[in-house]
Amino acid sequence: MKSLLAVILLAPTALAQGPVEIRIDAAAPRISVSPNLYGIFFEEINHSGEGGIYAEMVLNRDFEIGNLPQGARWAGNLLRTKDDWQERKWFGNALHGWKLTAEGGAHGSLKLETENPLNANNPHSMRVTVKHAGTRAGVVNSGFFGMNLVAGETYELSFYLRTENREHLNIKAQLESASGHEVYASATVTDAGGEWRRYQCTLRPTLSDPNGRLTLLIDRPQTLWLDVVSLFPHATYRNRPNGLRQDLVEALAQMRPAFLRFPGGAVVGGLNLDNRFQWRNSIGDIAARKGTMNLWGYYSTNGLGFHEYLQLAEDLGANALYVCNPGFSDNYRHAEFAKPEDVPAFVQEALDAIEYAVGPVSSKWGAERAKNGHAAPFRLRYVEIGNEATGKAYLENYKVFFEAIHARYPDLILVSNLRQAEPRAPLIDDHMYGSPEKFFAEHARYDRADRSGPQVYIGEYASNSGVGEGNLMAALSEAVYMIGLERNSDVVKMASYAPLFFNVNDIAWPVNLIGFDSSRVVLRSSYHVQKLFAVNRPDEVLRTTLNPAPRGDAGSVYALAGFHKGTGDVVLKAVNASGLARAVNVELAGLRVLPQQARVITLAHADAAAENTIDEPVLIVPAESRAQITGPQFSYTLPPYSVTVMRLSPR
Ligand code: AHR
């Protein structure tokens, strides 16, 4: 590039090498970018749902935490499935989360009860015996690593209770500090006892405490049974009952996801078939849902279930992508295969799920959806047959699933796990995990894709090896990979990072996108990259050539330009993953209207190993600046360890 007509910024950092020439040719053939390119993938892992986005505050509300998958047994403190797969320690104590409080001479006990259950899906309850009430007797639940109580907010408590005879009941519900010494809110429920009945009251704490607890106090010697003890903040996302945590859904909404893939992931298969995600167990009254021991080491009540996933997609303005079980459990955990004669039942399970999501209210499952408060069809647009499923069984079962679903729902876009699966699905789900080196090296992977093959959905990807718990280098390498996805928009139609969430108190998967505890949220630098790419997704890719061309390592500069039709902006994304500033000379060719202004958003930090953490959540955040452009050529300096998005605007 001979003359630079505008210099919009020069960072003071010493430059390592000569400038990289970036030529953007707007007159060359353009490639349309899929409007569905950037979405999210939600799986119940790391307490992402239970003890996470699902706003239920009571841990083990239904006393079913001790249920093991069919045929599984304890081996020491490990769980062993009937197919001899061994999982990390699960909760051994079925009353996990609950304890007795007894002060001032009080005396009592707690016991798991199987007699006279609330319903068949909920076979256990907790028997509470108070022999002497003393000054204080009752039960305590501290939630999932502490309950977040916010002064002035309303909390809705409900519980089922029975007594053997009709006898006076006086239950005082309190929201308290972790020690119980401070009481922030209390309400009393009185009744004459008897058979199972649902009780409810509201509590409004006077003080905030992110580590609070719930206590139910009993004022006299008594034996009673409790089940489905539930506490929700009234202020859930969009104030939905049985709703979701506002701050966490807000973080998702800001990513502007085009689609939501759910419910997994490995949970689609489960440890064995009994342990797979069974959508029918996850709808309707929460007291009658059947929970699932999760292969990520904890129990899910399925309170966040099929209906709530579809509702979340709708609330986010996203299309739903449901992953159905393909007739066998998770491939990587000694899969259990359905007998050939049982496969149709699994196909029916998928068809019923689809009918629940989009069937008319005159259909069996469409009517059920309406009964659950949503008469209109949900935005289910994709169905994926299996997750990371492989082998002969997959190829055989896939065909049956594909044909049955396609015949009944021809407009649904089906996704397959294997390229060789027949009939060919419109989309194939590729997963990609590994080190930053792998992500740099794979930056051109889809440049080489077979254009006559299926289009691609990257259902799961993350730079997650050798990157701490999710550092800036991971994010930079993902940005490079995403440039490669966007550049190949004729083949790559959708992509979603994985996993999405982690509760900082119990992490099953090493690197994840959004962390939280009871009251705080941390957005990893990878989150900022996801958001930057989604919010700045162009409608068309412009031919972008770099000299020198990137070599697939951290030392190269990577860049891609696109065109945004609504604003007329040229959107330039560039990554410098090296520790030294890199100059770039940009030439804009073939544009009818030249940009006048640049909005520059930069995600950078001097240390590539730096991470946002729950205690230091804003170490690496995007910074924004503006500049004038006076011609079709300009120079810029990419800071060390940076992702830069330039919106070059004609106005
Ligand atoms: O994202 C975590 C896990 O990685 C998913 O459950 C599985 O599909 C993949 O192996």
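Please read these numbers as outputs of a predicted model, since none were measured by experiment. Every chain is numbered independently, its residues counted from 1 as its sequence is written. Local features in this predicted model are restricted to residues of pLDDT 70 or higher, and side-chain atom pairs are both shown and tallied only at a pLDDT of 80 or more, whereas totals for entire chains, interfaces and linings draw on every residue. Water and hydrogen atoms were dropped before computing side-chain values, which therefore reflect all heavy atoms in the structure.

### As for the overall build of the chain
Condition: To qualify as a helix, a DSSP run of H or I must reach at least 4 residues; to qualify as a strand, a run of E must reach at least 2; elements of each kind are numbered from the N terminus. This radius of gyration counts C-alpha atoms alone. The globule rule is 2.2 Å times how many residues there are, raised to the power 0.38. Any two residues having at least one pair of non-hydrogen atoms within 4.5 Å are treated as being in contact. In this description, accessible areas are obtained by the Shrake-Rupley approach with a 1.4 Å probe, and a residue is regarded as covered only by the protein chains that are shown. When charges are counted, Lys and Arg are positive and Asp and Glu negative, with His and the chain ends excluded. For this purpose, a charge sits on NZ of Lys, CZ of Arg, CG of Asp or CD of Glu.
When its secondary structure is counted, the chain shows 9 helices and 38 strands. Taken over C-alpha atoms, the radius of gyration comes to 27 Å for the chain, in line with the 26 Å a tight globule of 651 residues would show. For the chain, the spread of C-alpha atoms along the principal axes amounts to about 95 × 60 × 50 Å. Long-range pairs, those at least 24 residues apart, make up 76% of the contacts in the chain between residues at least 6 apart in sequence. Per element, the accessible surface of the chain, about 24,200 Å² overall, is 51% carbon and sulfur. Within the chain, the 69 negative side-chain charges are centred at a point lying 4 Å from the centre of the 63 positive side-chain charges.

### Details of the sheet that holds strand 26 (residues 455–463)
Worth spelling out the cut-off: Strand pairing is assigned whenever DSSP detects at least two bridges linking the two strands. Between N-to-C directions, angles span 0 to 180 degrees; the directions come from axes that are lines fitted to C-alpha atoms, helices contributing only their stretch in contact.
On the basis of which strands lie adjacent, the closed barrel formed by 8 strands has the order 4-19-22-23-24-25-26-27 and parallel pairing. Within this sheet the neighbouring strands show an average axis-to-axis angle of 25°, counted without direction. Looking at chain direction, strand 23 (residues 380–385) and strand 24 (residues 413–416) are connected through 3 bridges and run parallel. Paired with Y382 across the strands is I413, a residue of strand 24. In the packing of helix 3 (residues 306–315) onto the sheet, the strands contacted are strand 19 (259–262) and strand 22 (319–324), and the crossing angle to strand 19 comes to about 160°.

### Details of unusual backbone geometry
Convention followed: A simple rule labels every residue: compare its accessible area, found with a 1.4 Å probe on the protein chains alone, to the largest value its type can have, and call it buried under 20%, exposed over 50%, or partly exposed in between.
In the segment running from A498 into P499, the intervening peptide bond is cis, with an omega of -20°. Topologically, P499 is positioned in the loop between strand 27 (492–497) and strand 28 (501–503). N547 connects to P548 through a cis peptide bond whose omega is 0°. Within the secondary structure, P548 sits in the loop between strand 31 (540–547) and strand 32 (557–564). Even without being a glycine, N60 presents a positive backbone phi close to 60°. Structurally, the position occupied by N60 is in the loop between helix 1 (49–53) and strand 5 (73–75). On the basis of relative accessible area, N60 is assigned to the buried category, the value being 3%. Of note in this structure, R256 is not a glycine but carries a positive phi near 45°. On the secondary structure map, R256 appears in the loop between helix 2 (246–253) and strand 19.

### Digging into the sheet that holds strand 5
The 3 strands lie next to each other as 5-6-7, forming an open sheet whose pairing is antiparallel. What marks the edges here is a single partner per strand, and that holds for strand 5 and strand 7 (86–87).

### A closer look at the site of the ligand
Our working rule: For this purpose, a residue is taken to be near a molecule or strand whenever a single non-hydrogen atom of the residue falls within 4 Å of it. Pairs of N or O atoms are called polar contacts if they sit within 3.5 Å, as long as, within protein, a hydrogen donor faces a hydrogen acceptor (for residues adjacent in sequence, only side-chain-to-side-chain pairs). Note on residue classes: Ala, Val, Leu, Ile, Met, Phe, Trp, Tyr, Cys and Pro are nonpolar, Asp, Glu, Lys and Arg are charged, and everything else, Gly too, is polar.
Every residue near the ligand is listed here: E43, G265, A266, W296, N387, E388, Y433, E460, A498, P499 and W509. Side-chain polar atom of Y433 to an oxygen atom of the ligand: 2.8 Å apart, as the coordinates give it. Looking at the shell around the ligand residue by residue, the class counts come to 6 nonpolar, 2 polar and 3 charged.

### Concerning the layout of surface pockets
Applied cut-off: Of the two site types, the cavity is a set of points on a 1 Å grid over the protein atoms alone where a 1.4 Å probe fits but cannot get out, and the pocket is an open set with protein on both sides within 12 Å along at least five of seven lines, each lined by residues with an atom within 4 Å of a point. Grid points are joined across faces, edges and corners, and a volume is the space filled by probe spheres set on the points.
In this structure, the largest pocket spans a volume of roughly 780 Å³. R240, P241, N242, G243 and I286 are, among the 34 residues lining the largest pocket, the residues nearest its centre. Among the elements that make up the lining of the largest pocket, the one with the highest residue count is helix 3 (5 residues). Counted by class, the lining of the largest pocket contains 12 nonpolar, 15 polar and 7 charged residues. Taken as a whole, the second largest pocket holds about 440 Å³ of empty space. Lining the second largest pocket are 25 residues, and of these M57, N148, P233, R245 and S518 lie nearest its centre. Breaking the lining of the second largest pocket down by element, the ones donating at least two residues are helix 1, strand 12 (147–149) and helix 2. When grouped by side-chain class, the residues that make up the lining of the second largest pocket number 11 nonpolar, 9 polar and 5 charged.

### Topic: empty space enclosed by the protein
Counted according to the given criterion, the structure contains 4 cavities of 30 Å³ or more. The computed volume of the largest cavity comes to approximately 130 Å³. Forming the boundary of the largest cavity are 15 residues, of which E44, V267, F277, T292 and N294 lie nearest the centre. Of the residues assigned to the lining of the largest cavity, the class counts are 7 nonpolar, 6 polar and 2 charged. Residue lining of the second largest cavity: G265, A266, V268, G269, P326, F328, S329, D330, N331, N387 and A389, and that is the complete set. For the lining of the second largest cavity, a count of residues per class yields 5 nonpolar, 5 polar and 1 charged.

### Topic: the packing of aromatic side chains
The condition that has to hold: Two rings belonging to Phe, Tyr or Trp (six-membered ring only in the last case) form a pair when the distance between their centres is within 6.5 Å. Interplanar angles under 30 degrees mark stacking, angles over 60 mark edge-to-face geometry, and anything in between is tilted.
As enumerated under the stated definition, the model contains 26 aromatic pairs in all. For the ring pair F42 and Y309, a centre distance of 5.6 Å and an interplane angle of 55° mean the geometry is tilted. Taken as a pair, F42 in the loop between strand 4 (38–41) and helix 1 and Y309 in helix 3 lie far apart in primary sequence, 267 residues in all. Here F42 matches Y309 in class, with each residue buried.

### Examining the pairing of strand 38 (residues 642–649)
Regular strands place their side chains on alternate faces of the sheet. Most of strand 38 is tucked away, with 8 of its 8 residues classed as buried. Neither face of strand 38 is exposed, since S642, T644, M646 and L648 on one face and V643, V645, R647 and S649 on the opposite face are all buried. Where strand 35 (residues 597–604) lies against strand 38, 8 bridges are found, and the strand directions are antiparallel. Bridge pairing links T602 to T644 in strand 38.

### Concerning the confidence of the model for the chain
Quick note on the threshold: A score from 0 to 100, pLDDT tells how confident the predictor is in each residue.
Averaged over all residues, the pLDDT of the chain is 95; the fraction at 70 or higher stands at 97%. Under a pLDDT of 50 for its full length, residues 1–14 has, in the predicted model, 35 contacts with residues more than four places off or in other chains.

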